[in-house]
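Architecture at a glance
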Amino acid sequence: MKLQQRKTRLRAAALGALAVSGALVLTACGSDNNSGSTGGTGTRTSAASDVKCDGAKGQLRASGSSAQKNAMDLWAKSYMAACSGVEINYKSSSSGEGIVAFNQGTVGYAGSDSPLKPAEVADSKKVCTGGGQGIDLPMVGGPIAVGYHLEGVDNLVLDAPTLAKIFSTKIKTWDDPAIKKLNPGVKLPSKAIQPFHRSEDSGTTENLGKYLTAAAPNDWKYPGGKSWPAPGGQAAAGSAGVSQQVKQVDGSIGYFELSYATSQKISTVKIDTGASDPVEATSDNASKAIAAAKVVGTGPDLSLKLDYTTKDEGAYPIVLVTYEIVCDKGNKADTLGTVKSFLNYTASDEGQKQLSTAGYAPIPAEINAKVRKTLATIS
């Protein structure tokens, strides 16, 4: 009798453990569903303490800059963990496509690596009702890394004139005298350089062009803008596409946000700016350059002017700032609450701190305070 009772107790304990195990599996599976909309990994995320869900509801669609995709993935997962029933769906495409989508009224906000142009502001007035218009809110900073794949070389220094000649295919081999001069003691192979650039309109392209125009005016005389202007080279879609090609092709070089380089373990170029030492592409070094930016937008618009010719010690000059584009007034009523709630979180201290962990640079505190103040006024 005692033996039978012992077997019964053991059977009940086993069934209980199985039930708990099953419940944990179901809980874990359920948590994955909360992170799929932005291309996240499905890792379970704890709720962020800086999130205020007031007024947030339903699905918020946004699109644009691929530069900030990894930041948006992080933010959306934390935000959705805190705001049950709210879905943030950020489509990573390009800055140009994001602005088009915003001005067509198909997204609640757009991401762009360059501020709105006057014609784009004029177009935004068609969707921002009641006399409103699109404005630029700087949200994500970071270095544009120049990544390369050259077997046997893991430490490479270039300057602006040399980069300009490489990306315009005037320098064609890795053992070119200009590259050798910047890299004494490095064994550079006599191998063809294969430069990659973005195939679509891109704010990353525009910011690289601004750097080359400012820092190498004699070697980069192409028109500015989001489209790639120089002859030669090979095109790939998005920062993901360019970084993937550089990862795979020996002899290649390309440009993309640092997060793509770190996640794929791609070597990056150090830039000779004229400072005492070449500067590496890091979040901290990008922050040093962005800290000198000036607000040049008027009214609630907070577009910035960056100094691409800085020679400050440790300041990495090839930087970009991604703006979230919203209406100053006349936002759609069904998404306004979610737009304000989500962007208030991304601009919060907690949201900005997450950027450094993903290879980005937080927006300087003085500028970020203005972003939060402006978000409080949009309607």
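Residues numbered from 1 in each chain as written. Predicted model: local features only at pLDDT ≥ 70, side-chain atom pairs only at ≥ 80, totals over all residues. Heavy atoms only, no water.

Let us look at the nonpolar core. Among the nonpolar cores identified, the biggest contains 59 residues, and Leu156, Leu163, Phe167, Ile179, Tyr211, Ile253 and Ile318 are the most heavily contacted of them. Those elements that provide at least two residues to this core are strand E4 (134-149), helix H5 (160-167), helix H7 (203-215), helix H8 (238-248), strand E8 (252-257), helix H9 (258-264), helix H10 (283-290) and strand E13 (319-327). Sorting elements by how many residues they give to this core places H5 first, with 5 residues. In this structure Phe167 touches Val146, Pro195, Phe196, Leu208, Trp220, Trp228, Ala230, Pro231, Ile253, Gly254 and Tyr255, once residues within four positions along its chain are discounted. Membership of the second largest hydrophobic core comes to 33 residues, among which are Val140, Leu302, Leu343 and Ala358. (Core = buried A, V, L, I, M, F, W, Y, C linked by side-chain atoms within 4.5 Å. Buried < 20%, exposed > 50% of the residue type's maximum accessible area, 1.4 Å probe, protein only. Helix = DSSP H or I, 4+ residues; strand = E, 2+ residues; numbered from the N terminus. Contact = heavy atoms within 4.5 Å.)

A word on the side chain of Thr374. One can find Thr374 in helix H13 (residues 365-375). Leaving out residues up to four positions away in the same chain, Thr374 has contacts with Ile135, Leu137, Pro300 and Leu302.

This part covers the pairing of strand E2 (residues 87-92). Pairing of strand E1 (residues 59-64) with E2 involves 6 bridges; the strand directions are parallel. Looking at E2, one finds that Gln59 is bridged to Glu87. As a crossover connection, the stretch from E1 through helix H2 (residues 69-82) into E2 is right-handed. (Pairing = 2+ DSSP bridges. Right-handed = clockwise from strand over helix to strand, strands pointing away.)

Attention shifts here to the environment of Thr282. By the secondary structure assignment, Thr282 is in the loop between strand E10 (270-271) and H10. Classification of Thr282 as partly exposed rests on a relative accessible area of 24%. The sequence separation of Thr282 and Ala315 amounts to 33 residues, and the corresponding C-alpha distance is 9.4 Å. Not counting chain neighbours up to four residues away, the residues in contact with Thr282 comprise Pro143 and Leu258.

Glancing now at H13. Residues spaced three or four apart along an α-helix face the same direction, because each turn holds 3.6 residues. Among all positions in H13, only Ile367, Asn368, Val371, Thr374 and Leu375 are buried. Seen along its axis, H13 keeps its buried residues to an arc of 120°; they face one direction. For H13, the exposed residues set more than 90 degrees away from the buried face come down to Ala365, Glu366 and Lys373. Where the residues of H13 are buried, they touch E4, strand E12 (304-305), helix H11 (333-346) and helix H12 (349-357). (Arc of directions from axis to C-beta.)

With 14 residues, H2 extends 20 Å from end C-alpha to end C-alpha; this agrees with the ideal 20 Å at 1.5 Å per step. Those residues of H2 that fall on the buried side of the exposure criterion are Ala71, Met72, Asp73, Trp75, Ala76, Lys77, Ser78, Tyr79 and Met80. The secondary structure elements touched by the buried residues of H2 are E2, strand E3 (109-112), E4, E13, H11 and H12. (Expected span 1.5 Å × (residues − 1).)

On to the state of the cysteines. The full count for this structure, using the stated rule, is 2 disulfides. Across the disulfide, Cys53 is cross-linked to Cys83 (sulfur-sulfur distance 2.0 Å). Since a negative S-S torsion denotes a left-handed disulfide, the Cys53-Cys83 link at about -90° is left-handed. Taken together, the residues span a long stretch of sequence, with Cys53 in the loop between helix H1 (2-32) and E1 and Cys83 in the loop between H2 and E2 at a distance of 30 residues. The exposure class assigned to Cys83 is buried, which follows from its relative accessible area of 3%. The disulfide bridge from Cys128 ends at Cys327, spanning 2.0 Å between sulfur atoms. Where Cys128 bonds to Cys327 through sulfur, the torsion about that S-S bond is close to -75°, and the disulfide is left-handed. Taken as a pair, Cys128 in the loop between helix H4 (118-124) and E4 and Cys327 in strand E13 lie far apart in primary sequence, 199 residues in all. One exposure class covers both Cys128 and Cys327, and it is buried. (Disulfide = S-S within 2.5 Å.)

Counted under the stated rule, the structure contains 8 aromatic pairs. Measuring from ring centre to ring centre gives 5.9 Å for Phe167 and Tyr255, while their planes differ by 85°; the resulting arrangement is edge-to-face. With a gap of 88 residues between them, Phe167 in helix H5 and Tyr255 in strand E8 connect regions that are remote in the sequence. We note that Phe167, like Tyr255, is buried. Here the aromatic residues Phe167, Trp220, Tyr222, Trp228 and Tyr255 are joined through ring pairs into a cluster of three or more. (Phe/Tyr/Trp six-rings, centres within 6.5 Å; stacked < 30°, edge-to-face > 60°.)

What follows concerns the pairing of E13. Extensive coverage of E13 is indicated by the burial of 9 of its 9 residues. Side chains Val319, Val321, Tyr323, Ile325 and Cys327 of E13 all project onto a buried face; the interleaved residues Leu320, Thr322, Glu324 and Val326 project onto the opposite face, where all are buried too. Direction of pairing for E4 relative to E13: antiparallel, over a ladder of 9 bridges. What sits directly across from Pro143, in E13, is Val319.

None of the figures reported here should be taken as evidence of function without further support.
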